[in-house]
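# Structure at a glance
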Amino acid sequence: MSWRWEKLSDCVERRYISGENITVAQFILKEGCVVQRHSHPNEQITVVLQGLLEFDLGGRRLTAAAGDVVHIPPGVEHEVKAITDAVVIDVFSPPRSDWARGQDSYLRKN
């Protein structure tokens, strides 16, 4: 894996690296961008570095700003909308083997 930027859509860029037990990703989301509802078997921790995001976590809405940390348990359906331009770090365990296989279409539909 390389730590290079990928433009996934007009409003999402990502770079990530996977180790034996985790994947660490950095995302840039433009204002108004929506990461479509999805779920995965990976536990996820999101750290908001910049901006304001609105999460729908299994039907529960919450807003996260720079400095906030959001926990998404495995299997929970979630969606996120960028209220402003945003930068986040996501950590996943186990690693995102679906991304390595190119199974990330939900990130490309914004």
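Residues numbered from 1 in each chain as written. Predicted model: local features only at pLDDT ≥ 70, side-chain atom pairs only at ≥ 80, totals over all residues. Heavy atoms only, no water.

Named according to an unreviewed UniProt entry, the protein is Cupin originating from Pyrobaculum aerophilum.

### Describing the overall build of the protein
If you tally the helices and strands in the protein, you get one helix and 10 strands. Along the first, second and third principal axes, the C-alpha set of the protein runs to 30 × 25 × 25 Å. A burial count over the protein gives 38% of its 110 residues as buried. For the protein, the proportion of contacts with a sequence separation of at least 24, taken over those separated by at least 6, is 64%. If you sum the accessible surface of the protein, you get close to 5800 Å²; carbon and sulfur atoms cover 51% of it. Here the protein contributes 13 positive and 15 negative side-chain charges, whose respective centroids are spaced 4 Å apart. (Helix = DSSP H or I, 4+ residues; strand = E, 2+ residues; numbered from the N terminus. Buried < 20%, exposed > 50% of the residue type's maximum accessible area, 1.4 Å probe, protein only. Contact = heavy atoms within 4.5 Å. Areas by Shrake-Rupley, 256 points an atom, 1.4 Å probe, with all protein chains shown as cover. Lys, Arg positive; Asp, Glu negative; His and termini not counted. Charge placed at Lys NZ, Arg CZ, Asp CG, Glu CD.)

### Observations concerning the pairing of strand β9 (residues 78-82)
Residues His78, Val80 and Ala82 of β9 are buried on one face, while the alternating residues Glu79 and Lys81, pointing to the opposite face, are not. Direction of pairing for strand β4 (residues 34-38) relative to β9: antiparallel, over a ladder of three bridges. What sits directly across from histidine 38, in β9, is histidine 78. (Pairing = 2+ DSSP bridges.)

### A short note on the pairing of strand β7 (residues 60-65)
The pairing of strand β6 (residues 52-57) with β7 spans six bridges and is antiparallel. Looking across to β7, one finds that phenylalanine 55 is bridged to leucine 62. The turn joining β6 and β7, which pair antiparallel and follow one another in sequence, is formed by two residues; a positive phi near 60 degrees is taken by glycine 58.

### Notes on the sheet that holds β4
Paired through their backbone hydrogen bonds, the strands of a sheet run either parallel or antiparallel. Taken together, the four strands give an open sheet; going across it, the order is β4-β9-β6-β7, and neighbouring strands pair in antiparallel fashion. Here the strands that pair on one side only, and so sit at the sheet edges, are β4 and β7. Direction aside, the axes of adjacent strands within the sheet are offset by 15 degrees on average. (Axes fitted to C-alpha atoms, helices over the stretch in contact; angles between N-to-C directions.)

### Overview of the side chain of arginine 96
Considering the arrangement of structural elements, one finds arginine 96 in the loop between β10 (86-93) and α1 (97-100). Ignoring sequence-local partners within four residues, the contact set of arginine 96 consists of Ser18, Thr23, His40, Asn42 and Tyr106.

### A closer look at the nonpolar core
Core analysis: the biggest nonpolar cluster contains 25 residues, and Phe27, Leu53, Phe55 and Trp99 have the highest contact counts within it. Secondary structure elements with two or more residues in this core: β2 (12-18), β3 (23-29), β6, β7, β8 (69-72), β9 and β10. Each residue touching tryptophan 99, except ones within four places of it in the same chain, is listed here: Arg14, Tyr16, Thr23, Ala25, Phe27, Phe92, Asp104, Tyr106 and Leu107. (Core = buried A, V, L, I, M, F, W, Y, C linked by side-chain atoms within 4.5 Å.)

### A few points about the sheet that holds β10
The strand order β1-β2-β3-β10-β5-β8 describes an open sheet built from six strands, whose pairing is antiparallel. Each of the sheet's edge strands pairs with one partner strand only, and the pair in question is β1 (6-7) and β8. Alignment of β1 against β2, held across two bridges, turns out to be antiparallel. Bridged to glutamate 6 within β2 is arginine 14.

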